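Residues per chain are reported as follows:
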Number of protein chains: 2
Amino acid sequence: MKTFENITELRGFLKKFHKEDKTIGLVPTMGYLHEGHMSLVKTARKECDIIVASIFVNPAQFAPNEDLESYPRDLKKDLHLLEKEGCDIVFLPENNEIYNNDFETYINLEKLPKHLCGLSRPTHFRGVATVVTKLFNIIQPGKAYFGQKDYQQILVIKKLIRDLNVPVKIIMCPIVRNDDGLALSSRNMYLTKDERKDAVLLHQSLLKGVERIKAGNKEINEIIVDIKAIISQSQHAKVDYISISNGETLKEIGSIKGYKGLVLLAGAVRFGKSRLIDNELVEL
Amino acid sequence: MKTFENITELRGFLKKFHKEDKTIGLVPTMGYLHEGHMSLVKTARKECDIIVASIFVNPAQFAPNEDLESYPRDLKKDLHLLEKEGCDIVFLPENNEIYNNDFETYINLEKLPKHLCGLSRPTHFRGVATVVTKLFNIIQPGKAYFGQKDYQQILVIKKLIRDLNVPVKIIMCPIVRNDDGLALSSRNMYLTKDERKDAVLLHQSLLKGVERIKAGNKEINEIIVDIKAIISQSQHAKVDYISISNGETLKEIGSIKGYKGLVLLAGAVRFGKSRLIDNELVEL
């Protein structure tokens, strides 16, 4: 496994694979890797000739009040896990390799970020869209792998790819969970023991919502009230949002009556210092 | 010479040239071609294996009050000129091939568009940056050719390429002028006979400015007043701006005293319905 910190050197190394028309699979990460990330690498390993993972805690997707400084890092463990999974190349840029001093160019989406996480994190998806576009331009992968946990992120990236004609295929991999159902996240490490115990309520409440939708309950507002009631059993929980929306546009659904298509049940809840997100999809 | 209206078909056709590692040169235009555009094709022809010209009057770079509807078109003549110059491929998309119904993704630069033409055309460079990024992603050229007349446009494109790691080299070609010095522009066709006669004042006034800078005149404000005085000899002229700025950042220069580097003298002036632009560069 080779590691690169420098864009020019990485591009030089990748050139021969592009010439040989090898399929390059990209797994973009912010490091502190867990089984969720590893499932992306595993899927990429099956589908691509060359696997590039990137580890970059992207400042542009954090607001000043967020956890950029405290975001967990463990490069040694990350490299060990990636090597074990058969990753070929790891891209480990410093901030100034990605953002030059005069950096001023951002990718903005006008609709999708106006929902869900974008409401409390108004510059987040601009940062995601910009860094992912840069990684695509640097690495020129045929496929890129993202986890369903960040579902809105995947929609944003799919949309920018379509709108800007970026020649990359996006592969969404299922959420990987702990035995009790908590979605794996690097941010779970901030949880105290009590918060960790309560954090399962997020997934449990969403599953309850899925159950009620499948059972034919048509009143979305009632379902959301019930989901929030389950979460509020924890004294550590503070709901950012619970939303039931169109799984393609993210527009909220008022009533399931007559609705056909993909339904997204998504939530963001703070447990102590950790803001955790989770989601479930239902096809109606 | 082959023409394509469809992105997928164009990409399919270009695939073999990419595989053979041919250098593709892109000449993006809005049509109604003149010798200025042809000089771009000529230069590309010398430097590249395959020349793609695009003709697309990009709605995203026109504001509602601007001349999108009346922008001149003459496809038959354009194709004739391109074929004569040895262009290989012409991309002629309709609006809905470039902008899908739900289009929402734009490239924004935060600094360069806050000068010169960007002040009176605040969404113009967003439209330029977005469509050029799309053309680069669709065609994947090694080099792209732009005329110096749209100098700010070139800086914007060079900056977005650097910031977003787009693997394209930008080639700037000199301004092509009529015998009397008027820069060629598709918009010159809007000029009445009297306006056409007066329009040379824009270039003449900029040349006077160049002369004074080279002669060691250090007070920029005085030079600008003199340039504007020359232009106001025409009763048809209405100055949008005359600016003397740093040729890389576009920040206005107060005094040449101690200044080292590239100086841009640029102006936008309305003659009747035509908003004409021109510029000169001086290296100090």
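Residue numbering note: each chain is counted from 1, following its sequence as written. By the order in which they are written, chains take letters starting at A while ligands take numbers starting at 1. Restriction of local features to residues with pLDDT of at least 70 applies here, the model being predicted, together with a cutoff of 80 or more for giving and counting side-chain atom pairs; totals for whole chains, interfaces and linings are based on all residues. Excluding hydrogens and water, the side-chain figures rest on all heavy atoms present in the structure.

**A word on the relation of the copies chain A and chain B**
Here the copies are matched by least squares. The fit uses the C-alpha atoms of residues with pLDDT of at least 70 in both. Overlaying chain A on chain B yields an RMSD of 0.0 Å, the required transformation being a rotation through 180° with an accompanying axial translation of 0.0 Å. Considering both components of the superposition, the chain copies are consistent with a two-fold axis. No C-alpha of chain A lies nearer the rotation axis than that of Ile107(A), which sits 2.4 Å from it. Taken together, the interface assignments show that 100% of the residues at the interface of chain A recur at the interface of chain B, consistent with an identical surface on both copies. Between two residues, a contact is recorded if the distance between any of their heavy atoms is within 4.5 Å.

**A word on the packing of aromatic side chains**
Residues and elements named next belong to chain A. Here a Phe, Tyr or Trp ring, Trp counted by its six-membered ring, pairs with any other such ring whose centre lies within 6.5 Å, and the pair is stacked when the planes are under 30 degrees apart, edge-to-face when over 60, and tilted otherwise. Within this structure, the stated rule accounts for twelve aromatic pairs over all chains. On the numbers, 5.2 Å between centres and 40° between planes, the contact of Phe4 with Phe13 is tilted. With a centroid separation of 4.9 Å and an interplanar angle of 85°, the aromatic rings of Tyr99 and Phe103 are classed as edge-to-face. When a residue's accessible area, from a 1.4 Å probe over protein chains only, is under 20% of the maximum for its type it is buried; when over 50% it is exposed; and in between it is partly exposed. Since its relative accessible area comes to 9%, Phe103 is described here as buried. Put simply, the rings of Phe56, Tyr99, Phe103 and Tyr106 pair up and form one aromatic cluster. Put simply, a charge is over a ring when the Lys NZ or the Arg CZ is close to the ring centre, within 6 Å, and near the line of the ring normal, within 35 degrees. Just above the ring of Phe13 sits the side chain of Lys16; from NZ or CZ to the centre is 4.2 Å.

**Section: the sheet that holds strand 3 (residues 50-55) of chain B**
Residue and element names in this part refer to chain B. On the basis of which strands lie adjacent, the open sheet formed by six strands has the order 1-4-3-2-6-7 and parallel pairing. Single-partner strands in this sheet number two, and they are strand 1 (2-4) and strand 7 (169-173). Within this sheet the neighbouring strands show an average axis-to-axis angle of 25°, counted without direction. Pairing geometry for strand 1 and strand 4 (residues 89-91), over three bridges, is parallel. In the strand pairing of strand 4, Thr3 is matched with Val90. Orientation is described by axes fitted as lines to C-alpha atoms, over the contacting stretch for helices, and by angles from 0 to 180 degrees between their N-to-C directions. Under the DSSP-based scheme used, a helix requires at least four consecutive residues in state H or I and a strand at least two consecutive residues in state E, with every element numbered from the N terminus. Packing against the sheet, helix 1 (residues 7-19) makes contact with strand 1, strand 2 (24-29), strand 3 and strand 4, and its axis sits at approximately 150° to strand 4. Running over the sheet, helix 3 (residues 75-84) touches strand 1, strand 3 and strand 4 and is turned about 165° from strand 3. Only when DSSP finds a minimum of two bridges between them are two strands counted as paired.

Any link to function would need more than the numbers given here.
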